[in-house]
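# Summary of the model geometry
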Amino acid sequence: MVVSQNGVLQNNATALSSYYDTLLIHAFGNFRATLRAVTLHPAMGLYLDMRGNDKGNITLGTHANENYAREIQQLFTIGLNRMWPDGTLVLDSQDNLVPTYDQDVISGFC
């Protein structure tokens, strides 16, 4: 659940130190509370370009920014592909990787 001092947070020591304090506060706590705190922190909003993100609107032809929804799935929680308890990848009957989520899941997060 990282942000970077490179890019939009460059030279923003206040945002970065506040974000790191948030991680410190939640380091030994509940994962759900940590994820919520990270999600709502302004530094993450800037870093993953989700600040002010609105739901998509079919009538207007606009789409929600899906970047953070994908990061939650891919990096912060379940990863791209299903795995067995021993860490080997789950394959379907045609030896293809079995994804852990699809576009419908991402859309549901937005």
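Residues numbered from 1 in each chain as written. Predicted model: local features only at pLDDT ≥ 70, side-chain atom pairs only at ≥ 80, totals over all residues. Heavy atoms only, no water.

### Here's the deal with the nonpolar core
One finds Val3, Leu9, Tyr19, Met44, Tyr68 and Phe76 to be the most contacted residues of the largest nonpolar core, which totals 14 residues. Of all the elements in the fold, those that place two or more residues in this core are helix H1 (13-26), helix H2 (31-40), helix H3 (42-47) and helix H4 (67-76). If near-sequence neighbours (up to four positions away) are discounted, Leu9 is found in contact with Val3, Ser4, Ala15, Leu16, Ala43, Leu46 and Tyr47. (Core = buried A, V, L, I, M, F, W, Y, C linked by side-chain atoms within 4.5 Å. Buried < 20%, exposed > 50% of the residue type's maximum accessible area, 1.4 Å probe, protein only. Helix = DSSP H or I, 4+ residues; strand = E, 2+ residues; numbered from the N terminus. Contact = heavy atoms within 4.5 Å.)

### Looking at a nonpolar patch on the surface
Where nonpolar side chains cluster on the molecular surface, the patch consists of Met83, Leu89, Leu91 and Leu97 and spans about 360 Å² of accessible area. Along the polypeptide, Leu89 turns up in the loop between H4 and helix H5 (103-109). Take Leu89: its relative accessible area is 41%, and that puts it in the partly exposed class. (Patch = residues over 30% accessible without salt bridge, like charges linked within 9 Å, V, L, I, M, F, W, Y side chains within 5 Å. Areas by Shrake-Rupley, 256 points an atom, 1.4 Å probe, with all protein chains shown as cover. Salt bridge = Lys/Arg side-chain N within 4 Å of Asp/Glu carboxyl O.)

### Focus on the packing of aromatic side chains
All told, the structure shown has 2 aromatic pairs when counted by the stated rule. Both rings, one in Tyr19 and one in Tyr20, keep their centres 6.2 Å apart while their planes meet at 65°; by these two values the pair is edge-to-face. The class of Tyr19 is buried, set by a relative accessible area of 0%. Owing to a relative accessible area of 43%, Tyr20 belongs among the partly exposed residues under this scheme. When the centroid spacing of 6.1 Å and the interplanar angle of 65° are considered together, the rings of Tyr68 and Phe76 count as edge-to-face. Residue Tyr68 shares its accessibility class with Phe76, and that shared class is buried. (Phe/Tyr/Trp six-rings, centres within 6.5 Å; stacked < 30°, edge-to-face > 60°.)

By themselves these figures say nothing about function.
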